[in-house]
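Each chain, letter by letter, is given below.
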Amino acid sequence: MVAFRPAPARLAFLALALALAAENPHAQHTGQAGRPGRTVFVPDPRAGAGPGVVLGQRKISSSTAGFLDALDQRDRFGNSVAVLGDLDGDGNPEIAVGAPGDVNGALETDAAGSSNGAVWLLFMDAAGAVKSYRKHVVEPRTTSGAFADEFGVSVAALGDLDGDGRSELAVGALGDDDGGSDRGAVYVLFLGASGSVRVRQKISAPSGGFTGHLDNLDRFGAAVAGLGALEGDGVGALAVGS
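Scope of this entry: the structure provided in the associated data block. Given the structure is predicted, the values throughout are model-derived calculations rather than measurements.

Side note on the pattern of salt bridges
Counting across every chain of the model gives nine salt bridges. Lys-135 is the salt-bridge partner of Asp-102, the closest N and O atoms lying 2.8 Å from each other. Taken together, the residues Asp-102 in the loop between strand 7 (94-99) and strand 8 (118-124) and Lys-135 in strand 9 (residues 130-136) connect sequence positions 33 residues apart. Its relative accessible area of 2% is what places Asp-102 among the buried residues. The residue Lys-202 makes a salt bridge to Asp-178 at a minimum N-O spacing of 3.0 Å. With Lys-202 in strand 13 (residues 197-204) and Asp-178 in the loop between strand 11 (168-173) and strand 12 (185-191), the pair connects residues that are 24 residues apart, well separated along the chain. In the salt-bridge network here, residues are joined through shared partners; they are Asp-162, Asp-164, Arg-166 and Arg-198.

Focus on the packing of aromatic side chains
Considering all chains together, one arrives at six aromatic pairs under this definition. Judged by centre distance (4.9 Å) and plane angle (25 degrees), the ring pair of Phe-210 and Phe-220 falls under stacked. With a gap of 10 residues between them, Phe-210 in the loop between strand 13 and strand 14 (223-228) and Phe-220 in the loop between strand 13 and strand 14 connect regions that are remote in the sequence. Through a chain of ring-to-ring contacts, three or more aromatic side chains come together here, namely Phe-67, Phe-77, Trp-120 and Tyr-133.

Considerations on the sheet that holds strand 7
In space, the four strands of this open sheet follow the order 6-7-8-9, with antiparallel pairing throughout. Since the sheet does not close on itself, it has two edges, and those belong to strand 6 (80-85) and strand 9, each with one partner. Each strand of the sheet is rotated relative to its neighbour by a mean of 25 degrees, with strand direction disregarded.

Things to note about the pairing of strand 9
Judged from the six bridges that link them, strand 8 and strand 9 form a sheet pairing that is antiparallel. Looking at strand 9, one finds that Met-124 is bridged to Val-130. Here strand 8 folds back onto strand 9, and the loop between the two strands holds five residues, one of which, Gly-128, carries a positive phi near 85 degrees.

As for unusual backbone geometry
Despite not being glycine, Glu-150 has its phi angle at roughly 55 degrees, a positive value. Note on placement: Glu-150 falls in the loop between strand 9 and strand 10 (151-159). Even without glycine at this site, Arg-219 takes up a positive phi of about 55 degrees. The topology assignment puts Arg-219 in the loop between strand 13 and strand 14.

Calculation criteria
All residue numbers here refer to positions counted from 1 along the written sequence of the relevant chain. The model is predicted, so local features are restricted to residues of pLDDT at least 70 and side-chain atom pairs to those at 80 or more, both for listing and for counting; the totals for chains, interfaces and linings are taken over all residues. Each side-chain value is worked out from all heavy atoms of the structure, with water and hydrogens disregarded. Any carboxyl oxygen of Asp or Glu within 4 Å of a side-chain nitrogen of Lys or Arg constitutes a salt bridge here. A run of H or I in DSSP becomes a helix once it reaches four residues, and a run of E becomes a strand once it reaches two; helices and strands are each numbered from the N terminus. Here's how the labels work: a residue is buried when its accessible area is under 20% of the maximum for its type, exposed when over 50%, partly exposed in between, all with a 1.4 Å probe on protein chains only. For Phe, Tyr and Trp, where Trp contributes only its six-membered ring, two rings pair if their centres lie within 6.5 Å, and the inter-plane angle classes them as stacked under 30 degrees, edge-to-face over 60, or tilted in between. By definition, two strands form a pair when at least two bridges between them are found by DSSP. Axes, fitted as lines to C-alpha atoms, cover a helix only where it is in contact. Angles between the N-to-C directions of the axes lie from 0 to 180 degrees.

In structure tokens:
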């Protein structure tokens, strides 16, 4: 577990509106379905529907209006998904989607394993359609070769760490080579209203104040989850799998 203080600073997935009726039938719930490339997203459950009833669905892929031709083969878009809340103030939540197979502009004929990875921020409208999007990568690919960081293999919303009213985003990169081969890393992205990254903090074997021991092939960042402030002292906690 990593604790940190607030600092200034072609797969598709389905959007499913579920009515999860409990004590409050209007409560919002999010989660991941059991297969990569799928997610469950509940913007506004309707009153009166029974538990687990699917009210509607929308598929987002490279053939979807608003997101046309944005993906390449083997991108693995939808490998991970997180709901970020409303970044731009329009009342609709945004979605972060990992594509760890993205090659960041490298040749498609590059050797297998050239997947440096990417994260897409999707700005949604009230109907669950993509109105705009933004792509983030660790660094642009300028030469051919096998980097294989798989940035975006995992994503998690961390809540508002720095008090600006917008959620931060944790992104796993299990193939990062800081300190040794495939030891892995996690990036904490402090986001602006437009989806820009204002500040980026890397957590790995030699950086970000992480004192845990990592070995080669540990793949730190294979999974991430925001845990909130466990001790009620304003310190955010992040669970990282390897």
